Amino acid sequence: TFLTFRCNLKCHYCITKFEEGRFPKGELNGKEWVKAINRIVSRDDLPVTLQGGELSVHPDFIYILNNIKRELNIDVLTNLQFDIDNFIRNVNPERIKRKAPYASIRVSYHPLYMDLNDLIKKTLKMQKAGFSIGLFGVLHPEQEKMVLDAQKKCKALGIDFRTKEFLGEYKGKLY
């Protein structure tokens with residue numbers, strides 16, 4: 001579920017840039033999202049994934065997380081570029097936790113647009129607060145080394161860091 005297509009980063013390789021003009025304008029408010037999501041009937045092993053753009057730029061994203069019916073398992077895709085202290089105070093870690101081989105909060109690492117050390121501090125703080133959280137980096141050709149270096153650093157600190165292949169075109173070559 002894309003709560004919003006807006007984002008607080010301006011990554012030049014973002015998939016939303018390649019599809020500009022194809023996404024709907026405007027967005028639902030928190031109550032509308034909760035009403036819509038709560039109509040979903042899902043299996044226990046199939047979560048509803050909340051994402052964006054960047055879901056945290058939606059003004060009601062914490063309200064939405066806290067008001068989705070408990071029968072639905074939820075997970076989150078984010079860049080973690082928001083006030084995590086407010087998040088920790090207002091969201092129960094059990095609400096975004098499920099049995100899966102990967103973290104329930106998956107953070108996209110964008111090395112050209114965010115500070116790795118800040119991201120590591122936030123991730124460790126979220127882990128300490130009980131959240132299931134891990135990092136992911138896209139192996140974009142111009143950033144592959146930075147992503148792999150970040151992965152090595154994170155693994156040494158006990159942070160799950162996984163990579164995803166780059167799907168797209170770079171310098172005339174399709175991946």
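Given the structure is predicted, the values throughout are model-derived calculations rather than measurements.

Undergrad: How do you make sense of the environment of K25 when you look at a structure like this?
TA: Mapped onto the elements, K25 comes out in the loop between α1 (15-18) and α2 (30-37). With 21 residues separating them along the chain, K25 and T4 place their C-alpha atoms 9.6 Å apart.

Undergrad: Sorry if this is basic, but what is going on with the sheet that holds strand β6 (residues 161-165) here?
TA: What links the strands of a sheet is backbone hydrogen bonding, and the strands pair in either a parallel or an antiparallel sense. Within the open sheet, the 6 strands sit side by side as β1-β2-β3-β4-β5-β6. Their pairing is parallel. Both outer strands of the open sheet, β1 (2-4) and β6, are each paired with one neighbouring strand and no more. On average, each strand axis in the sheet is inclined to that of its neighbour by 25°, with strand direction left out of account. Sheet topology note: the strand β5 (residues 133-139)/β6 ladder contains 5 bridges and is parallel. Considered in β6, the bridge of L135 is made with F161. Packed onto the sheet, helix α6 (residues 144-156) meets β4 (105-109), β5 and β6 and runs at close to 155° relative to β6.

Undergrad: Teacher, can you tell me more about the pairing of strand β2 (residues 48-52) here?
TA: If a strand is regular, its side chains alternate between the two faces of the sheet. For β2, the tally of buried residues reaches 5 of 5 residues, placing the bulk of the element in the interior. Across the two faces of β2 the burial is the same, with V48, L50 and G52 and T49 and Q51 all buried. Strand direction decides the pairing type here: β1 and β2, joined by 2 bridges, are parallel. Its bridge partner being in β2, F2 is matched across the sheet by Q51. In this structure, β2 lies alongside strand β3 (residues 74-78), joined through 3 bridges in parallel fashion. Paired with L50 across the two strands is V76, which belongs to β3. Taking the sense of rotation as the criterion, the β-α-β connection linking β2, helix α3 (residues 61-67) and β3 turns out right-handed.

Undergrad: Honestly, the side chain of R98 in this entry has me stumped. Any pointers?
TA: Note on placement: R98 falls in the loop between α4 (84-90) and β4. In this structure R98 comes out as buried when scored by relative accessible area, which is 14%. At 2.7 Å, the side chain of R98 and the side chain of D75 are in polar contact. When sequence neighbours within four positions are dropped, the list of residues in contact with R98 reads P47, N73, I74, D75, A103, S104 and R106.

Quick notes on the rules
- Residues numbered from 1 in each chain as written.
- Predicted model: local features only at pLDDT ≥ 70, side-chain atom pairs only at ≥ 80, totals over all residues.
- Heavy atoms only, no water.
- Helix = DSSP H or I, 4+ residues; strand = E, 2+ residues; numbered from the N terminus.
- Pairing = 2+ DSSP bridges.
- Axes fitted to C-alpha atoms, helices over the stretch in contact; angles between N-to-C directions.
- Contact = heavy atoms within 4.5 Å.
- Buried < 20%, exposed > 50% of the residue type's maximum accessible area, 1.4 Å probe, protein only.
- Right-handed = clockwise from strand over helix to strand, strands pointing away.
- Polar contact = N/O pair within 3.5 Å; in protein donor to acceptor, adjacent residues only side chain to side chain.

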